[in-house]
Amino acid sequence: MSVFLSNWDIQSINLWLSKMHHYKDTSKSQRANEADIILQLTYPKIGNGRHRIVFDLNNGYVLKVALTKKGIQCNETEFKIYDHCRADLLKHLCRVKEVGHGWIIMKKM
Ligand SMILES: Nc1ncnc2c1ncn2[C@@H]1O[C@H](COP(=O)(O)OP(=O)(O)O)[C@@H](O)[C@H]1O
Ligand SMILES: [Mg+2]
């Protein structure tokens, strides 16, 4: 369950995660393209790195979906860092709103 994403969005993400391993040897841009096609999310794409594709939720937050196993770890790490951050340092981090398997929602910069 998510406040930001529909069940359909989460099912799409899970579908992509189940197919992700087929694209581990493709280029960064091709992996993002394949993910974009399989995900079929309605949110505009902001960009992608090697490990995550990022969408604008149009409400001040972004959705970051893993493109690789490492991307799943990156999302977990970003959540843990935010969650364990010292109070006086929090203002330097993007607020993390929600996290799920393979995805994270954080403040748009
Ligand atoms: N919180 C954010 N707000 C706005 N854009 C973002 C945010 N996080 C990532 N992006 C954009 O998405 C791109 C990929 O995200 P990044 O975190 O670098 O993924 P990766 O783990 O693949 O390197 C970034 O280069 C940036 O352009
Ligand atoms: Mg990056």
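Given the structure is predicted, the values throughout are model-derived calculations rather than measurements.

Rules used in this analysis
Residues numbered from 1 in each chain as written. Chains lettered and ligands numbered in written order. Predicted model: local features only at pLDDT ≥ 70, side-chain atom pairs only at ≥ 80, totals over all residues. Heavy atoms only, no water. Helix = DSSP H or I, 4+ residues; strand = E, 2+ residues; numbered from the N terminus. Rg over C-alpha atoms; globule rule 2.2 N^0.38 Å. Buried < 20%, exposed > 50% of the residue type's maximum accessible area, 1.4 Å probe, protein only. Contact = heavy atoms within 4.5 Å. Pairing = 2+ DSSP bridges. Axes fitted to C-alpha atoms, helices over the stretch in contact; angles between N-to-C directions.

Student: How do you make sense of the overall build of the protein when you look at a structure like this?
Tutor: The helix and strand tally for the protein stands at 3 helices and 5 strands. When the helices and strands of the protein are placed in sequence order, the string is α-α-β-β-β-α-β-β. At 14 Å, the protein has a C-alpha radius of gyration in line with the 13 Å of a compact globule built from 109 residues. Along the longest, intermediate and shortest principal axes, the C-alpha atoms of the protein span 40 × 25 × 20 Å. For the protein, the residues scored as buried account for 39% of the 109 residues in total. Here the analysis covers contacts within the protein between residues at least 6 apart in sequence; of these, 44% occur between residues at least 24 apart.

Student: Just checking my understanding: could you explain the sheet that holds strand E1 (residues 45–48) for this structure?
Tutor: Hydrogen bonds along the backbone pair up the strands of a sheet, which may run parallel or antiparallel. Strand order in the open sheet made by the 5 strands is E1-E2-E3-E5-E4, with antiparallel pairing throughout. Edge positions in the sheet fall to E1 and strand E4 (96–100), since each of these pairs with one other strand and no more. Here the strands of the sheet are splayed against their neighbours by 20 degrees on average, with no regard to which way each runs. Bridge count between strand E3 (residues 61–66) and strand E5 (residues 103–107): 5 bridges; the pairing is antiparallel. Counterpart to Val-65 in the pairing with E5 is Trp-103. Across the sheet, helix H1 (residues 7–19) lies against E3 and E5, angled at about 30 degrees from E3, the strand it touches most.

Student: Explanation requested: the environment of Leu-15 in the structure shown.
Tutor: Along the polypeptide, Leu-15 turns up in helix H1. Leu-15 sits 45 residues away from Gly-60 along the chain, and the two C-alpha atoms are 26 Å apart.

Everything listed is a geometric property; what it means functionally is a separate question.
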